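Chains, contacts and geometry: an overview
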Amino acid sequence: MLFRSYRASIALGVRTATDDLQGAVVSRQPPPRHLLWSDLLAALAPFQGEIQQRPPDVSAVHVQGQRAYALARRGEPVVLAPRTVTFHRLELLHWDPESGLVDVDVLCSAGTYIRSLARDLGEALGCGAALASLRRTLALGFPLQACVRLEDLEESPPPPRDPLTVLTHLPRQLLTRSEEHTSELQSHSDLVCRLLLE
């Protein structure tokens, strides 16, 4: 199973229509400055592991053949059912009581919405919250360090990478000489079949 990893900043004290700071503000209150590090750890604890999570109303989830975001933007009511997601890692990195920003490091299953995590954390704390910023740090097994900037791709293509280096997250199978020979025969057989079919 492939995981996703994110670095997220969550703004406490604000609720929005989209569960992030890009959406219309529904309510705002001063961030709860009395919160301690231990309070945040306790609030994050129930989200660890496998949970039921309701996606944001403004999301790409299909509802009766239409995307939820299309319905929400037309002002139609959207009721999305919770789905099973898994937080393999949910680490509190930083808490700034002055700004109300909480930074977390997340390793989660596909289909997990970090905007929903922000919303649900805010509800658990009783103050509301919305996602302030999000950076993906792992996708399809590739860490951020293995990424190439678009600007660099425009200048010249990067050199090919050694698959044994970049695909370390995948299972590795070493073939015996017999299996190598069988694999070569199968490849030649497949090529002959394709040529005959053309």
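Report on the accompanying structure. (Residues numbered from 1 in each chain as written. Predicted model: local features only at pLDDT ≥ 70, side-chain atom pairs only at ≥ 80, totals over all residues. Heavy atoms only, no water.)

Across its full length, the chain holds 6 helices and 10 strands. Here the chain holds 198 residues, and the buried ones make up 33% of them. Within the chain, contacts between residues separated by at least 24 positions form 67% of all contacts whose residues are at least 6 apart in sequence. (Helix = DSSP H or I, 4+ residues; strand = E, 2+ residues; numbered from the N terminus. Buried < 20%, exposed > 50% of the residue type's maximum accessible area, 1.4 Å probe, protein only. Contact = heavy atoms within 4.5 Å.)

In this section: the layout of surface pockets. For the largest pocket, the calculated volume is near 150 Å³. At the level of elements, helix H3 (114–125) and strand E9 (129–139) are the ones that each hand at least two residues to the lining of the largest pocket. (1 Å grid on protein atoms, 1.4 Å probe; cavity = no way out; pocket = protein on both sides within 12 Å on 5 of 7 lines; lining within 4 Å. Points joined across faces, edges and corners; volume = space filled by probe spheres on them.)

What follows is about the side chain of Thr18. Relative to the elements of secondary structure, Thr18 occurs in the loop between strand E2 (14–16) and strand E3 (25–28). The buried category is assigned to Thr18, whose relative accessible area is 15%. Here Thr18 is in contact with Gly23, Pro56, Val58 and Arg115, once residues within four sequence places are set aside.

To continue, consider helix H1 (residues 37–44). Regarding H1, the residues found buried are Leu40, Ala43 and Leu44. All buried residues of H1 fall inside an arc of 95 degrees around its axis, so they share one side. Summarising the contacts, the buried residues of H1 are in contact with strand E1 (3–12), strand E7 (83–96), strand E8 (101–109) and H3. (Arc of directions from axis to C-beta.)

Judged by nonpolar contacts, the single largest core of 26 residues is most densely connected at Ile10, Leu12, Phe87, Val102, Val104, Val106 and Ile114. Secondary-structure elements contributing two or more residues to this core are E1, H1, E7, E8, H3 and E9. Element by element, the count of residues in this core is highest for E7, at 5 residues. Excluding its chain neighbours within four sequence positions, the residues that come into contact with Val106 are Arg4, Ser5, Tyr6, Phe87, Arg89, Leu90, Ile114 and Leu117. Counting 7 residues, the second largest nonpolar core, distinct from the first, contains Val61, Val63, Ala68 and Leu80. (Core = buried A, V, L, I, M, F, W, Y, C linked by side-chain atoms within 4.5 Å.)

Strands sit in the order E4-E7-E8-E1-E9-E10 across an open sheet of 6 strands; the sheet is antiparallel. In the strand order of this sheet, the two ends are held by strand E4 (49–53) and strand E10 (142–143), each with one partner. Sitting on the sheet, H1 is in contact with E1, E7 and E8, with an inclination near 175 degrees to E7. (Pairing = 2+ DSSP bridges. Axes fitted to C-alpha atoms, helices over the stretch in contact; angles between N-to-C directions.)

Looking now at the environment of Leu125. Tracing the chain through its elements places Leu125 in helix H3. Distance from Leu125 to Asp39, taken between C-alpha atoms, is 8.7 Å for residues 86 residues apart in sequence. Ignoring sequence-local partners within four residues, the contact set of Leu125 consists of Leu12, Leu35, Leu40 and Ala43.

This paragraph deals with the side chain of Ser59. By the secondary structure assignment, Ser59 is in the loop between E4 and strand E5 (62–63). Judged by its relative accessible area of 3%, Ser59 falls in the buried class. Apart from the residues lying within four places of it in its own chain, the contact partners of Ser59 are Arg67, Ala68, Tyr69, Leu80, Tyr113 and Arg115.

Once that is clear, we can look at the pattern of salt bridges. Per the stated rule, a full pass over the model turns up 6 salt bridges. Where Arg15 meets Glu123, a salt bridge forms, and the shortest distance between an N and an O atom there is 2.8 Å. Placement of the pair is Arg15 in strand E2 and Glu123 in helix H3, with a sequence separation of 108 residues. The partly exposed category is assigned to Glu123, whose relative accessible area is 43%. In this structure, the salt-bridge partner of Arg54 is Asp57, at a minimum N-O distance of 3.2 Å. For Asp57, a relative accessible area of 27% puts it in the partly exposed group. A network of salt bridges, in which partner residues are shared, links Arg7, Arg89 and Asp105. (Salt bridge = Lys/Arg side-chain N within 4 Å of Asp/Glu carboxyl O.)

These results come straight from atomic positions and should not be treated as a statement about function.
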